[in-house]
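A structural walkthrough
For reference, the chains in residue letters:
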Amino acid sequence: MKLDSVPLEISGISQTEVELELEDSNDFNLTPAIALSVQPVIADSPQKQQSVLVVFGTTFVTIFLAEIGDKTQLSTLLMSAQSHSPWVVFIGSATALITTSLLGVLLGSWIANRLSPKTVEKSAGVMLLVISIMLFWDVFTSH
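From a predicted model like this one, the values you see are computed outputs, not experimental measurements. (Residues numbered from 1 in each chain as written. Predicted model: local features only at pLDDT ≥ 70, side-chain atom pairs only at ≥ 80, totals over all residues. Heavy atoms only, no water.)

Another aspect to go through is the overall build of the chain. In terms of regular secondary structure, the chain is built from seven helices and two strands. Shown N-terminal to C-terminal, the secondary structure of the chain runs as helices and strands in the order β-α-α-α-β-α-α-α-α. The buried share of the chain, taken over its 143 residues, is 6%. Of the contacts formed within the chain by residues at least 6 apart in sequence, a portion of 55% connects residues at least 24 apart. Working note: accessible area of the chain is about 12500 Å², and carbon and sulfur atoms make up 70% of it. (Helix = DSSP H or I, 4+ residues; strand = E, 2+ residues; numbered from the N terminus. Buried < 20%, exposed > 50% of the residue type's maximum accessible area, 1.4 Å probe, protein only. Contact = heavy atoms within 4.5 Å. Areas by Shrake-Rupley, 256 points an atom, 1.4 Å probe, with all protein chains shown as cover.)

This part covers the packing of helix α5 (residues 71–83) against helix α6 (residues 86–114). Where α5 contacts α6, the axes come no closer than 8 Å and their chain directions differ by 155°. When the axes of α5 and α6 are compared, the pair comes out roughly antiparallel. The element α5 and its partner α6 pack so that their crossing is right-handed. The residues of α6 that touch α5, namely those facing T72, T76, M79, S80 and S83, are P86, V89, S93 and L97. Looking at the contact of α5 with α6 residue by residue, the classes come out as four nonpolar, five polar and no charged. (Axes fitted to C-alpha atoms, helices over the stretch in contact; angles between N-to-C directions. Parallel < 35°, antiparallel > 145°, perpendicular 65-115°, else oblique. Left-handed = near helix turned anticlockwise from the far one by under 90°. Nonpolar A, V, L, I, M, F, W, Y, C, P; charged D, E, K, R; others polar.)

Moving on, we get to the confidence of the model for the chain. Here the chain averages 77 in pLDDT, and 65% of its residues register 70 or above. Confidence, read as mean pLDDT per element, is least for strand β1 (residues 2–5) in the chain (46) and greatest for α6 (93). Between residues 1–6, whose pLDDT stays under 50, and residues either more than four places distant or in other chains, the model counts 18 contacts. Low pLDDT (under 50) marks residues 25–38, which in the prediction has 12 contacts with non-local residues, meaning those over four places away or in another chain. (pLDDT = per-residue confidence, 0-100.)

On the surface, F56, F60, V61, F64, L65 and I68 cluster together into a nonpolar patch covering about 650 Å² of accessible area. Relative to the assigned elements, F60 resides in helix α4 (residues 47–67). (Patch = residues over 30% accessible without salt bridge, like charges linked within 9 Å, V, L, I, M, F, W, Y side chains within 5 Å. Salt bridge = Lys/Arg side-chain N within 4 Å of Asp/Glu carboxyl O.)

Right, let's talk about the packing of aromatic side chains for a bit. One pair of aromatic rings is described through two measures. These are the centre distance and the angle between the planes. Scanning all chains against the criterion turns up five aromatic pairs. Considering the side-chain rings of F60 and F64, the 5.7 Å spacing of their centres and the 15° angle between planes classify their relative orientation as stacked. One end of the pair, F60, and the other, F64, are both in helix α4, four residues apart, so they sit about a helical turn from each other. Relative accessible area serves as the criterion here: at 46%, F64 is assigned to the partly exposed category. (Phe/Tyr/Trp six-rings, centres within 6.5 Å; stacked < 30°, edge-to-face > 60°.)

One simple way to see leftover space: roll a probe sized like a water molecule over the atoms. There is about 680 Å³ of room inside the largest pocket. Lining of the largest pocket is provided by 17 residues; of these, I63, F64, E67, L97 and S101 occupy positions nearest its centre. Within the residue set of the lining of the largest pocket, elements represented by two or more residues are α4, α5 and α6. Residue contributions to the lining of the largest pocket peak at seven residues, all from α6. (1 Å grid on protein atoms, 1.4 Å probe; cavity = no way out; pocket = protein on both sides within 12 Å on 5 of 7 lines; lining within 4 Å. Points joined across faces, edges and corners; volume = space filled by probe spheres on them.)

Turning next to α5. With 13 residues, α5 extends 18 Å between its outermost C-alpha atoms, agreeing within 8% with the 18 Å of an ideal straight helix rising 1.5 Å per residue. Of the residues trailing α5, H84 is marked for its positive phi of about 60°. (Expected span 1.5 Å × (residues − 1).)

Put into structure tokens, the structure is as follows:
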């Protein structure tokens, strides 16, 4: 965000009042007159647009890489080959992935409004740890 100082004319203080205030003050404490003359103004910036693009790009790359070779992709490949209707399989699988993503976003938004980010992080870590232990236990007991 770009920060600019408020022009003295807009703040209602003349240049001479600020100069007199500076001369009268022996210490360097800011007086209300000086503080008013340098209040920042937030200007519109294209940075918000960039952050949306960064979030979109990061999400796209993360999900794309996570789904390559995933069982969902392999199932879609097999269904397409078996049915000989690749566009119908594409529309069905795309709709399913959009729906599950929508559920994830809505649930994530609901959780974010009720829990702190720290609590969400810790809960996700505990859930991943429990899943890892369960998978390890399954591999360990099956041999």
